[in-house]
Amino acid sequence: TVLAEADAVPILVFDEIDANVGGEIGHAVGRKLRTVAASRQVLCITHLPQVAVFGNTHFVVSKAVQKNRTLTRITPVSGSDRAEEVARMLGGKDLTPVTLEHARKMLESAAL
């Protein structure tokens, strides 16, 4: 955040910014990224739901192999789909009512 305030770079890209952090530290990173994004375009690649919930726009990147070629797909998610994606990030592919509710609460809290 200090460098973003001092530099005129209009776009900042963070790849795997969540490496070796979790929980409350991830939450703090998400809040800081939101602060930076108020004056810059921020693109953040993360696997941590505590970071992801602070984004204004959320994309899911997936890869698949078809006919010996690797294909990458980038899909925007919003609304209930976003809550399901955050829940997947929290608890894996088998969603439960608990992970879905936790995801919704995280999104609501980050929106404040």
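Just so you know, the residues in each chain are numbered from 1, in the order the chain's sequence is written. Per-residue local features are limited, in this predicted model, to residues with pLDDT of at least 70; the limit for side-chain atom pairs, both in listing and counting, is 80 or more; totals at the level of whole chains, interfaces and linings are taken over all residues. Neither water nor hydrogens contribute to the side-chain values; these are computed over all heavy atoms in the structure.

Attention now goes to the overall build of the chain. Scanning the chain from N- to C-terminus turns up five helices and four strands. Across the chain, helices and strands are ordered from the amino to the carboxyl terminus as α-β-α-β-α-β-β-α-α. When its C-alpha atoms are laid out on the principal axes, the chain stretches across 45 × 40 × 25 Å. Burial statistics for the chain: of 112 residues in total, 29% are counted as buried. Total accessible area computed for the chain in this model is approximately 7900 Å², and 55% of it derives from carbon and sulfur atoms. In this description a helix means any DSSP run of H or I spanning at least four residues, a strand means any run of E spanning at least two, and both kinds are numbered starting from the N terminus. Exposure classes here rest on a 1.4 Å probe applied to the protein chains alone. A residue is buried below 20% of its type maximum, exposed above 50%, and partly exposed in between. The Shrake-Rupley method, run with a 1.4 Å probe, gives the accessible areas here. Residue values count only the displayed protein chains as cover.

Pairing analysis gives five bridges linking strand β1 (residues 11–15) to strand β2 (residues 41–45), with the strands arranged parallel. Residue pairing across strands places I11 opposite Q41, the latter belonging to β2. For the segment spanning β1, helix α2 (residues 23–37) and β2, crossover handedness is right-handed. By the convention used here, strands pair only if DSSP detects at least 2 bridges between them. If you view a crossover with the strands going away from you and the path from the first strand over the helix to the second runs clockwise, you call it right-handed.

The next subject is the confidence of the model for the chain. Confidence along the chain averages 89 in pLDDT terms, with 95% of residues attaining 70 or more. pLDDT expresses, on a scale from 0 to 100, how confident the predictor is about each individual residue. Ranking the elements of the chain by mean pLDDT puts helix α1 (residues 2–6) last with 63 and strand β4 (residues 69–77) first with 95.

A few words on helix α4 (residues 79–91). Each residue after the first adds 1.5 Å to the expected span of a helix. With 13 residues, α4 extends 19 Å between its outermost C-alpha atoms, agreeing within 8% with the 18 Å of an ideal straight helix rising 1.5 Å per residue. Residues of α4 that are buried: R82, A83, E85, V86, A87 and M89.

It is worth spelling out the pattern of salt bridges at this point. Each salt bridge in this description consists of a side-chain nitrogen of Lys or Arg and a carboxyl oxygen of Asp or Glu lying within 4 Å of one another. Throughout the structure, instances matching the rule amount to four salt bridges. A salt bridge links R88 to E85; the nearest nitrogen and oxygen atoms lie 2.4 Å apart. Taken together, the residues span about one helical turn, with R88 and E85 both in helix α4 at a distance of three residues. For R88, a relative accessible area of 39% corresponds to the partly exposed category. The partner of E101 in a salt bridge is K105, and the shortest N-O contact between them spans 3.8 Å. Placement of the pair is E101 and K105 together in helix α5 (residues 97–111), with a separation of four residues, close to one helical turn. Using a relative accessible area of 35% as the deciding quantity, one classes E101 as partly exposed. Residue K105 is classed as partly exposed on the basis of its relative accessible area, which comes to 47%. Ionic contacts of the salt-bridge type, sharing partners, join the residues E101, R104 and K105 into one network.

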